[in-house]
Amino acid sequence: MEVIFLSSIIPYILVFGAMVVAMVLCFRYRAPLTADPDGNGTEMPGRTVTKQLMYAVSGLCIFIALFEIVAYLSVGTECIWWCTGKELGFFAKLLRAVPLILFLACQLLQILFYKQFMENYLKKDLSVKPTAIGFLCVLPLCIILYIVLSCIDVTPPVRDMIFYVALGVLMVVAIGISLFRNIKMCGPRTGLIFTSVTSILLWAALISLLLFVAAIIQLLFQTLIIVVGLYFAKSVFKGFNNEMIYTSSQKTVYRDMNGDLHYTRFGAEQANEKISRK
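Residues numbered from 1 in each chain as written. Predicted model: local features only at pLDDT ≥ 70, side-chain atom pairs only at ≥ 80, totals over all residues. Heavy atoms only, no water.

Trainee: How should the overall build of the protein chain be read in this particular structure?
Mentor: The helix and strand inventory of the protein chain stands at 9 helices and 2 strands. Listing the helices and strands of the protein chain from first to last along the sequence gives α-α-α-α-α-α-α-α-β-β-α. Here the protein chain holds 278 residues, and the buried ones make up 33% of them. In the form shown here, the protein chain has an accessible surface area of approximately 17,700 Å², with 70% of it arising from carbon and sulfur atoms. (Helix = DSSP H or I, 4+ residues; strand = E, 2+ residues; numbered from the N terminus. Buried < 20%, exposed > 50% of the residue type's maximum accessible area, 1.4 Å probe, protein only. Areas by Shrake-Rupley, 256 points an atom, 1.4 Å probe, with all protein chains shown as cover.)

In structure tokens, the structure reads:
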């Protein structure tokens, strides 16, 4: 499995292309427009979403998100080796961070567009806020809990167990609230599909955010190394220049009979001979 994620950039390009296709489809078939161009109180109809299209787009979104989750669980932050490799220079890393930023932006937009896409399919309002808020709040709270448990000398196995149990319970609660609302609005099957897809997309977006932060930290660290190196080189050059000035100021100079300066005795004597011949 690791070979797939570490040997070639082609899988990442294919996944990025699939994400663009899914996002374009969700945007094109999003919720109906509510504009009233004729002023007669009628709404403009949205494009019809068939059941086959709904399943295809949902499956594509799940595939993209699962690819990212599996890649992160398999190799961690090394899955962005194409962006943060040790053989890459600063500007190469900076340039390759652009696709990572675009991927993160597309992933966040995809969640919004998929919600509008499903609302157009069901002609009903759906809920994703509880899950989104849960993802935004649960992880920081669990990290704080982890730090507190570490400070009060809880043994590592107990600390890790409490952390993962708390994370799992809170996430189940957040997803469960959205699932309950969506099932109430559109039935068990469609509510389960929508809640599952949005939850997986949110997990993938969270992983993309973590990978983006890891890439930025590496860039900042390399920038710091470059700045320190330039400052050190400047200090060395300045010290060398000062020493050259000091050395040149300590050299003995010789004057000839006309008062002109020479850096060697031989030069002064030759000048004196020429002066005497005159």
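More follows now that the structure is in view.
Trainee: Help me understand the pattern of salt bridges in this model?
Mentor: Note on pairing: side chains with opposite charge can pair once their charged atoms come close. Scanning the entire structure with this criterion turns up 1 salt bridge. The partner of Lys 115 in a salt bridge is Glu 119, and the shortest N-O contact between them spans 2.5 Å. Of the two residues, Lys 115 and Glu 119 are both situated in helix α5 (residues 90–122); the distance of 4 residues between them amounts to about one turn of the helix. Of the two residues, Lys 115 and Glu 119, both sit in the buried class. (Salt bridge = Lys/Arg side-chain N within 4 Å of Asp/Glu carboxyl O.)

Trainee: Explain the packing of aromatic side chains here, please?
Mentor: Geometry of an aromatic ring pair is reported as the spacing of the ring centres plus the angle between the planes. By the definition in use, this model includes 6 aromatic pairs. Aromatic side chains Tyr 114 and Phe 194 sit 5.9 Å apart centroid to centroid with 10° between the ring planes, which places their arrangement in the stacked category. Taken together, the positions of Tyr 114 in helix α5 and Phe 194 in helix α8 (residues 188–249) put the pair 80 residues apart, joining distant regions of the chain. Residue class for Tyr 114 comes out buried when judged on its relative accessible area of 0%. For Phe 194, a relative accessible area of 0% translates into the label buried. (Phe/Tyr/Trp six-rings, centres within 6.5 Å; stacked < 30°, edge-to-face > 60°.)

Trainee: Mind showing me how you'd approach a nonpolar patch on the surface here?
Mentor: There is a patch of nonpolar side chains on the surface, built from Val 158, Met 161, Ile 162, Val 165, Val 169, Val 173 and Ile 177 and spanning about 560 Å² of accessible area. When you line up the elements, Val 173 lands in helix α7 (residues 156–186). (Patch = residues over 30% accessible without salt bridge, like charges linked within 9 Å, V, L, I, M, F, W, Y side chains within 5 Å.)

Trainee: Would you mind going over the nonpolar core with me for this structure?
Mentor: It is characteristic of soluble globular proteins that their nonpolar side chains tend to be buried jointly. By size, the foremost hydrophobic cluster in this structure holds 57 residues, and its most contacted members are Ile 80, Tyr 114, Phe 117 and Met 118. Secondary structure elements with two or more residues in this core: α2 (10–28), α3 (51–75), α4 (81–84), α5, α6 (129–151), α7 and α8. Met 118 has contacts with Met 54, Ser 58, Leu 126, Thr 190 and Phe 194, leaving out every residue within four places of it along the chain. (Core = buried A, V, L, I, M, F, W, Y, C linked by side-chain atoms within 4.5 Å. Contact = heavy atoms within 4.5 Å.)

Trainee: Teacher, can you tell me more about the packing of α2 against α3 here?
Mentor: Viewed as axis vectors pointing N to C, α2 and α3 meet at an angle of 145°, and their least axial separation amounts to 10 Å. In the packing of α2 onto α3, the handedness of the crossing is left-handed. Where α2 approaches α3, its residues Pro 11, Tyr 12, Val 15, Ala 18, Met 19, Val 21, Ala 22, Leu 25 and Cys 26 are matched on the opposing element by Val 57, Leu 60, Cys 61, Phe 63, Ile 64 and Phe 67. Class assignment for the residues of the contact of α2 with α3 results in 15 nonpolar, no polar and no charged. (Axes fitted to C-alpha atoms, helices over the stretch in contact; angles between N-to-C directions. Left-handed = near helix turned anticlockwise from the far one by under 90°. Nonpolar A, V, L, I, M, F, W, Y, C, P; charged D, E, K, R; others polar.)

Trainee: I'm lost on the packing of α3 against α5 in this one. Help?
Mentor: For any two helices packed against each other, the geometry is given by the interaxial angle and the distance between the axes. Put simply, α3 and α5 touch, their axes get as near as 12 Å, and they point 155° apart. Relative to α5, the element α3 is oriented roughly antiparallel. The handedness of the crossing between α3 and α5 comes out as left-handed. Facing Lys 51, Leu 53, Met 54, Val 57, Ser 58, Cys 61, Ile 64 and Glu 68 of α3, the residues of α5 in contact are Phe 103, Gln 107, Gln 110, Tyr 114, Phe 117, Met 118 and Tyr 121. Taken together, the residues that form the contact of α3 with α5 break down as 10 nonpolar, 3 polar and 2 charged. (Parallel < 35°, antiparallel > 145°, perpendicular 65-115°, else oblique.)

Trainee: Help me understand the environment of Glu 2 in this model?
Mentor: Within the secondary structure layout, Glu 2 lies in helix α1 (residues 2–6). What makes Glu 2 partly exposed here is its relative accessible area of 46%. Excluding anything up to four places from it in sequence, Glu 2 contacts Ser 74 and Val 75.

Trainee: It is not clear to me how the side chain of Thr 190 should be interpreted in this structure. Could you clarify?
Mentor: Residue placement: Thr 190 occurs in helix α8. Judged by its relative accessible area of 13%, Thr 190 falls in the buried class. Residues in contact with Thr 190, not counting those within four places in the same chain, are Met 118 and Leu 122.

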